[in-house]
Amino acid sequence: MADIEPLALRDENFYKTAERVIFKDYKCNCTKGWKDVDRFIVYRADESGVTEIINDEVGDHN
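Cut-off values and rules
Residues numbered from 1 in each chain as written. Predicted model: local features only at pLDDT ≥ 70, side-chain atom pairs only at ≥ 80, totals over all residues. Heavy atoms only, no water. Helix = DSSP H or I, 4+ residues; strand = E, 2+ residues; numbered from the N terminus. Buried < 20%, exposed > 50% of the residue type's maximum accessible area, 1.4 Å probe, protein only. Contact = heavy atoms within 4.5 Å. Areas by Shrake-Rupley, 256 points an atom, 1.4 Å probe, with all protein chains shown as cover. Pairing = 2+ DSSP bridges. Patch = residues over 30% accessible without salt bridge, like charges linked within 9 Å, V, L, I, M, F, W, Y side chains within 5 Å. Salt bridge = Lys/Arg side-chain N within 4 Å of Asp/Glu carboxyl O. Phe/Tyr/Trp six-rings, centres within 6.5 Å; stacked < 30°, edge-to-face > 60°. Lys NZ or Arg CZ within 6 Å of the ring centre and 35° of its normal. Polar contact = N/O pair within 3.5 Å; in protein donor to acceptor, adjacent residues only side chain to side chain.

Caption draft 1: Representation of the overall build of the protein within the structure. Scanning the protein from N- to C-terminus turns up one helix and two strands. Every one of the 62 residues in the protein was classed for burial, and the buried ones make up 2%. Within the protein, contacts between residues at least 6 apart in sequence are counted, and of these 9% link residues at least 24 apart. Put simply, the protein shows about 6500 Å² of open surface, and 54% of that area lies on carbon and sulfur atoms.

Shown next as structure tokens:
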């Protein structure tokens, strides 16, 4: 997959102060149905498929 580039890690302070939104005006389709805590989920995708590697509550550590 030559057209996919890994993102470089940023300074630690970026992750502590960055807003937790991707697009300010984006409204998730599942907002009305989502009643649980916010989740931080990371997937790995490769030729064998998609694997969930992290699934944790959103917090200052992630």
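Back to the text.
Caption draft 2: Quick look at the pairing of strand 2 (residues 49–57). Where strand 1 (residues 39–46) meets strand 2, eight bridges bridge the pair, whose relative direction is antiparallel. Residue pairing across strands places aspartate 46 opposite glycine 49, the latter belonging to strand 2. Linking strand 1 to strand 2, which pair antiparallel, is a turn of two residues.

Caption draft 3: Up close: a nonpolar patch on the surface. A cluster of nonpolar side chains, namely Leu9, Phe14 and Tyr15, defines an oily patch on the protein surface of about 360 Å² accessible area. With respect to the helices, strands and loops of the structure, leucine 9 is situated in the segment before helix 1 (12–17). A relative accessible area of 80% means that leucine 9 is categorised as exposed.

Caption draft 4: Summary view of the packing of aromatic side chains. If you walk through the whole model with that rule in mind, you get zero aromatic pairs. Stacked on the ring of phenylalanine 14, the Lys or Arg arginine 10 has its end atom at 4.3 Å from the ring centre.

Caption draft 5: Local environment of the environment of aspartate 11. As for its placement among the helices and strands, aspartate 11 is situated in the segment before helix 1. Looking at aspartate 11, its side chain comes within polar contact range of the main-chain nitrogen of asparagine 13, at 3.0 Å.

By themselves, these figures tell us nothing about what the structure is for.
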